[in-house]
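Here is how the chains run, residue by residue.
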Amino acid sequence: VIREASPQNFEGEHSLEGSIYVALLDTDVMIDILHGHPPALEWFVTLAEALDFPVLLQWSLIEGCSTKAEMQALKGYLQPFQIHWPASDDFERSFRVFTEKRLSHNLGLMDSLIGSTAIGSDSVLCTFNVRHMSVMSGLVTEQPCERQI
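Quick caveat, the model's predicted, so the values are computed rather than measured.

Rules used in this analysis
- Residues numbered from 1 in each chain as written.
- Predicted model: local features only at pLDDT ≥ 70, side-chain atom pairs only at ≥ 80, totals over all residues.
- Heavy atoms only, no water.
- Helix = DSSP H or I, 4+ residues; strand = E, 2+ residues; numbered from the N terminus.
- Buried < 20%, exposed > 50% of the residue type's maximum accessible area, 1.4 Å probe, protein only.
- Contact = heavy atoms within 4.5 Å.
- Areas by Shrake-Rupley, 256 points an atom, 1.4 Å probe, with all protein chains shown as cover.
- pLDDT = per-residue confidence, 0-100.

Visitor: Can you lay out the overall build of the protein for me, pointing to particular residues and giving the numbers?
Guide: Assigned secondary structure in the protein consists of seven helices and six strands. The order of α-helices and β-strands along the protein, N terminus first, is β-β-α-α-β-α-α-β-α-α-β-α-β. Out of the 149 residues in the protein, the part that is buried amounts to 44%. Partitioning the contacts of the protein with sequence separation of at least 6, the portion at a separation of at least 24 is 59%. When the accessible surface of the protein is summed, it comes to about 8500 Å², and 52% of that surface belongs to carbon and sulfur atoms.

See below:
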């Protein structure tokens, strides 16, 4: 999604007002969309452009499939979306942050990789884990809607 940044979208040190940004979708938001949770679906369908996905999101979702039919359906659903692959700098950043924050902040491997991919592609990460992901310096996050629990 390419959207114009506004002051209410971001807090803290990020000053993106008036600039254009690309949004990457985190796994937790995509799971709510796939489960048909109304707030996530309402947010998702209002977007003028398709969101971009880190390839790691695809891996996580495929890992959750229990049948070949589920996997084929998921691959078909995700096929139209732009995929972001981590660059070597993203892996280096992820490793550095993961080793620094794993024990002190319980940062997960996949979170560090997805966050590093967003940083490396100058993208905003749409996630429900805004507070959890805040340990990654330089990562801009946005919570797309209220979490359906």
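So, next bit.
Visitor: Which residues make up the confidence of the model for the protein, and what values go with them?
Guide: This prediction gives the protein a mean pLDDT of 83; 83% of its residues lie at or above 70. For the protein, the element scoring lowest by mean pLDDT is strand β1 (residues 2-4), at 36; helix α5 (residues 88-105) scores highest, at 96. Taken as a whole, residues 1-18 scores under 50 in pLDDT and shows 43 contacts with residues more than four places along the chain or in a different chain.

Visitor: Can you break down the environment of Q82 residue by residue, with the values?
Guide: Note that Q82 resides in the loop between α4 (68-78) and β4 (83-84). Given the relative accessible area of 48%, Q82 is considered partly exposed. For Q82 and P54, which are 28 residues apart along the polypeptide, the C-alpha to C-alpha distance reads 8.6 Å. Look past the residues within four positions of Q82 in its chain and what remains in contact with it is L51, D52 and F53.

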